[in-house]
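# Understanding the architecture of this molecule
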Amino acid sequence: MKKPKHIAIIMDGNGRWAQERGLKRSEGHLAGAQTVRTVLSECVRHEIPHVSLYAFSTENWNRPQEEVNYLFTLFCEFTNKELPLMLKEGIRLNVIGEKSNLPLATRKALDYAIKKTAKGTNTELTLALNYSGSQEIIQAARKSAYESLCSPENLERIIKAAQNEATLKKEFARIFSETDYTEANLRKHFFYPELPDPDLIIRTSGELRLSNFYLFQAAYSELYFTDVYWPDFSALDFKLALDVYANRKRRFGKIDV
Ligand code: FPP
């Protein structure tokens, strides 16, 4: 059976799950954390090498302060509490996104767990926290352009050409049309360049969009949408997504032969 090497999940519907039960949104997130546990074990059981979870987007800062605070406390507690499980299951933790403005306690818990789980050889869990796909592309383009301009050879040529506007423009055109200003070079500046692109992206709760997750990397991902809210997403739902994936024909722009 064809299996994805990398599954990326947009965990949606915690709030609606809670509201429909007359509970607080935070209780939906707490129930969602239980699903994270289930899905991690299922990834190990099905031998999925990489799973990414979209836990907090840069746009999520716009939620009520109380909810944002709750989420970061939950991420911190989850990381501390589930460390033994991660070690037992051979899960390696990794984080993508702008970590610098996360609360200190969350950052510390994550860094500690990343270090402790570094030798895990089963499933790698990549948590997307304070992540934005468009920002990832923009910052990679900036860094890649800067790196090209500042190579010793290019700097020398730029300095030589600097007295003449036309020559300088020609020099810049040459630099940016060179074969090394490539997709591979852009990807080098992504948060986690070695991570293979997601083969399968799952979104729960019936919403049909990517919401700024892995914009570049999703070019040829198979998309799977389910109406199930994230707290209700079970081992069986996970298996169903794997079965659907196994029957998809992936052509990557080519035709079947
Ligand atoms: C989207 O549902 C969910 C989030 C923004 C937070 C995701 C967090 C969890 C699943 C908690 C546990 C995660 C970890 C990594 C421990 P929503 O609140 O937008 O739902 P709604 O659209 O129904 O309001």
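As a starting point, this report considers the structure included with it.

About the cut-offs
- Residues numbered from 1 in each chain as written.
- Predicted model: local features only at pLDDT ≥ 70, side-chain atom pairs only at ≥ 80, totals over all residues.
- Heavy atoms only, no water.
- Near = heavy atom within 4 Å.
- Polar contact = N/O pair within 3.5 Å; in protein donor to acceptor, adjacent residues only side chain to side chain.
- 1 Å grid on protein atoms, 1.4 Å probe; cavity = no way out; pocket = protein on both sides within 12 Å on 5 of 7 lines; lining within 4 Å.
- Sits in = over half its atoms within 2 Å of the grid points.
- Helix = DSSP H or I, 4+ residues; strand = E, 2+ residues; numbered from the N terminus.
- Salt bridge = Lys/Arg side-chain N within 4 Å of Asp/Glu carboxyl O.
- Buried < 20%, exposed > 50% of the residue type's maximum accessible area, 1.4 Å probe, protein only.
- Pairing = 2+ DSSP bridges.
- Axes fitted to C-alpha atoms, helices over the stretch in contact; angles between N-to-C directions.

### Focus: the site of the ligand
Taken together, the neighbourhood of the ligand is formed by 19 residues, with Asp-12, Gly-15, Arg-16, Arg-25 and Arg-63 sitting nearest. One of the side-chain N or O atoms of Asp-12 is found 3.1 Å from an oxygen atom in the ligand. Arg-16 is positioned such that a nitrogen or oxygen atom in its side chain is 2.7 Å from an oxygen atom of the ligand. In a pocket analysis with a 2 Å cut-off to the grid points, the ligand is assigned to the largest pocket. For the shell around the ligand, the secondary-structure elements that each account for two or more residues are α1 (14–19), α2 (25–45) and α3 (65–81).

### Some details on the pattern of salt bridges
Pairing between side chains of opposite charge can happen when the charged atoms of each approach one another. Considering all chains together, one arrives at 24 salt bridges under this definition. With a closest N to O distance of 3.5 Å, Glu-124 and Arg-92 form a salt bridge. Remark: Arg-92 occurs in strand β3 (residues 92–96) and Glu-124 occurs in strand β4 (residues 124–131); sequence separation between them is 32 residues. Given the relative accessible area of 4%, Glu-124 is considered buried. On the accessibility criterion, Arg-92 (22% relative accessible area) is partly exposed. A salt bridge links Asp-243 to Lys-239; the shortest N-O distance between them is 2.8 Å. On the criterion of helical spacing, the pair formed by Asp-243 and Lys-239 is a turn pair, its members being four residues apart in helix α10 (residues 235–246).

### What to know about the sheet that holds strand β6 (residues 222–225)
The strand order across the open sheet built from six strands is β3-β4-β2-β1-β5-β6, with neighbouring strands paired in parallel fashion. The sheet is open, and its two borders are formed by β3 and β6, each paired with just one other strand. The sheet shows a mean angle of 20° between the axes of neighbouring strands, taken without regard to direction.

### Comments concerning unusual backbone geometry
Most peptide bonds adopt trans geometry, and most residues besides glycine take a negative phi value. At Asn-212, a position not held by glycine, the phi torsion is positive, near 70°. By the element assignment, Asn-212 lies in the loop between β5 (200–203) and β6. Unusually for a residue other than glycine, Phe-252 sits at a positive phi of about 50°. For Phe-252, the location among the structural elements is in the segment after α10.

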